[in-house]
Amino acid sequence: MKKLIFNRFLLILSFMTLTVIAASAFTMSPADGFGPYFSFSYRLGAALGLFLLLKQLMQGKLKFNRIILAIVVFIAVLIQVIFLIVSFRPYYTDTGYVMTMAGRLIQGNRNWFEYFSYYPNNVNITIFWSYILRPLNWFGITNYSIFVPWFQMLLLDFSIIVLSSSLILLNRSVAKIFLLVSMYYLPWFMYTLMPYNDIIAISLIMIIIALIIRLLKSDNLKKNILFGSLLALLIFISIALRQNTVIILIAFVIFIVFTQKFGIRFKTFLIGIVLLVTFLGTQGLHYVQQQAGYNQNTSLTTPTISWINMSWNPNTQGQIDGRDSFAYSNLPAKKRSSALKHELKERLKSLGFGGIVRHLQLKIAYMFSIGDSNQDIAGIQIKRPILKRESMTPPLINILGNLFQPFYLLVLIMAIYAIWQLLVKSSQIDSSIFPIAVFSSLSIIGIFTFHILFWEVRDRYALPMLPFLVILASIGVYLFGKQEQQKVDKPVQNKVMLLTAGISLVLLTIGLASDWKYTKQNNISYGSVYRSGFSLYAENQTEKVGLNSKTIYRTDTFKLDQQANTLNLELGNISTQDLKNIVLKVKRLDSNQSWNLMPSSAPKDYENNFPKGNYQIIIENKANHVIPTSILQQLQTNTLSGPTVFENGNKIPGLNLLFSFTDTNLTKKVNSKGMLLIYIFFIFVVMMAICIKQVDNRRK
């Protein structure tokens, strides 16, 4: 009885959590990202249209046989392949540090960047990638950025198939719905471009869920011991690579304690082996890190309280903040923690009860209000033939994000519906669905609570929640379809349907009128054409390289696949006299064009027309002394995202010259044709729902 009460309590909490997230997704937006974000009228009207279409399809007893399902999945895979071919994301900060250090390890260099003392949470994922990518180095491949997205997409698809095949054991319809939604779920496509831990974590979580389902459906002790052992191993690996997945471990332990499936002895085994493997694995990781040459400088490590304090910064929405990241870093560790605790108390005190509630709303909006990949996709490149110029990429990302938002809302609505049905009609629902819904609810509550109350927020941090959300939504669609098919069609239902369709069309009309202003407002669009690397911002100048006296530095040939109109360079804080001794030149090798640039100590955007073609950058120091600069850095690895650098004609391994080419263009905040297409699409969705309803009525 207590277990049933506890499960219902969890479902109620999950219902409340998802309702809060949905309310935020309908009405709020983060302060940054791919905005502007379309209005509430658009979101509600478009989501209503999708709901009506779903309702009519369910009433029509939509079914997917194996052939149709295979075709739909094949189309999804084809879209993924095209996406990977035309899309690329250069390295930035975290991903740059991770991949560069992985390259060092592959080539036997165990000299770790100081960055990893500031952020030790990224050590394990770096070692992981060094193992995964090592075979490429055997064949002389050192540019891993091309391989990583394909590897991550394959892993993601594999985990989706594994989980779908396990969901079949619970309910075949739920499994099909999950497969279809997952294969077309836009956000996790985007993150395959990032060589980090996001896709790895999502994939591991889906396989973990699949193993839990196998456990629940199996009565074979030997198989269950095997499943439990694999579970323990994967939970440990997921925590090692992405620390906030410890929430899944906690959810699993609580779930096992309250499940009715297993006896006390097997429950003890499951909890014991998961905790034991996690503990022993964590200890073993210290040895692995030591073998990789990592020795943490604890005086640099960002204390835990820093992230909590950062999350309650009243001047932000609870996201990472540059000032807070290094606040009080000049103090010893204990004094720094004390100062941060004091600042946190003062922040909470100054916010007051009303301010705390408002700040919680802002944190929820920043992390959960927008469904598409938002805050970490800046700089993505989309090549021809999809786009003619890279400056068209940010407007396209904006259109895709706003187009996806109603689908995200429908997923949330269906997940909420699933929880509601499990609460009010639990006796009428297949009992095999209930346990996995409870575990999913528990995990969603944990992820939501941890970040909203205690940690800094970012939309990427919500990714571990997505598998659970899609499972609940799949259950919701199944239960909704089952209910619709059992309904007896009445005249009043036709009127309600037409009224709802009318409301949707009115809301879309209001939304278009409200959002059209964005098509009139000017905006500067920055498209990334070529990026040679990232700045080693966390290093104490040990990797910086000065311009040697009487020396010419020349990059190897690099190619601009698209035209650019701005070259971004930063020589660093150089005196006026030293600037006179620097010659800066860009050469286009396939047309004998060259540009002589005026050196500057400030970050400089050199505006010119740089057609697509092969280029070199040349820097010469005519002085008789070394000139310190920030444009050169020694990565100590051949894993370069930019071209090799030559010094007086001699190739210098690991030397990186920092620059980027961008396509900067004055555009509108939202492309008018793109906005019209979105609104026309959802009007078409509403009209399609009406047509299906009319056809069904005539048949009857």
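Residues numbered from 1 in each chain as written. Predicted model: local features only at pLDDT ≥ 70, side-chain atom pairs only at ≥ 80, totals over all residues. Heavy atoms only, no water.

1. So, helix H2 (residues 40–59)
- Its 20 residues give H2 an end-to-end C-alpha distance of 28 Å, which sits within 8% of 28 Å, the value for a rise of 1.5 Å per residue.
- Of all 20 residues making up H2, 15 are buried, and the element is well covered by its neighbours. (Helix = DSSP H or I, 4+ residues; strand = E, 2+ residues; numbered from the N terminus. Expected span 1.5 Å × (residues − 1). Buried < 20%, exposed > 50% of the residue type's maximum accessible area, 1.4 Å probe, protein only.)

2. Remarks on unusual backbone geometry
- For Gln636, which is not a glycine, the phi torsion comes out positive at approximately 60°.
- Of note, Gln636 is situated in the loop between strand E11 (632–634) and strand E12 (645–647).
- Positive phi outside glycine occurs at Asn648, with the angle close to 50°.
- Note that Asn648 resides in the loop between E12 and strand E13 (650–652).
- Owing to a relative accessible area of 45%, Asn648 belongs among the partly exposed residues under this scheme.

3. Here's the deal with the sheet that holds strand E3 (residues 522–531)
- An order of E3-E15-E6-E9 is seen for the 4 strands of this open sheet, with the pairing classed as antiparallel. A strand with exactly one partner marks an edge of an open sheet, and here the two such strands are E3 and strand E9 (604–610). For this sheet, the mean inter-axis angle between neighbouring strands, taken without regard to orientation, is 35°.
- With 3 bridges connecting them, strand E6 (residues 564–569) and strand E15 (residues 660–668) associate as antiparallel partners. Counterpart to Leu567 in the pairing with E15 is Phe661. (Pairing = 2+ DSSP bridges. Axes fitted to C-alpha atoms, helices over the stretch in contact; angles between N-to-C directions.)

4. Section: the pairing of E6
- The buried fraction of E6 amounts to 6 of the 6 residues, a majority that puts the element mostly inside the structure.
- As paired strands, E6 and E9 are joined by 5 bridges and run antiparallel to one another. Along E9, the bridge assignment pairs Leu569 with Lys604.

5. Observations concerning the pattern of salt bridges
- Evaluation of the coordinates by the stated rule reveals 8 salt bridges.
- Measuring nitrogen to oxygen at the nearest pair gives 2.3 Å for the salt bridge that ties Arg242 to Asp198. Taken as a pair, Arg242 in the loop between helix H11 (221–241) and helix H12 (246–258) and Asp198 in helix H10 (residues 198–217) lie far apart in primary sequence, 44 residues in all. Like Asp198, Arg242 is buried.
- Salt-bridge contacts for Glu343 lead to Arg347; the nearest nitrogen and oxygen are separated by 3.8 Å. A residue pair is termed a helical-turn pair when its members lie 3 or 4 positions apart in one helix, as Glu343 and Arg347 do in helix H16 (residues 333–368) at 4 residues.
- Classification of Arg347 by relative accessible area gives buried; the value is 9%. (Salt bridge = Lys/Arg side-chain N within 4 Å of Asp/Glu carboxyl O.)

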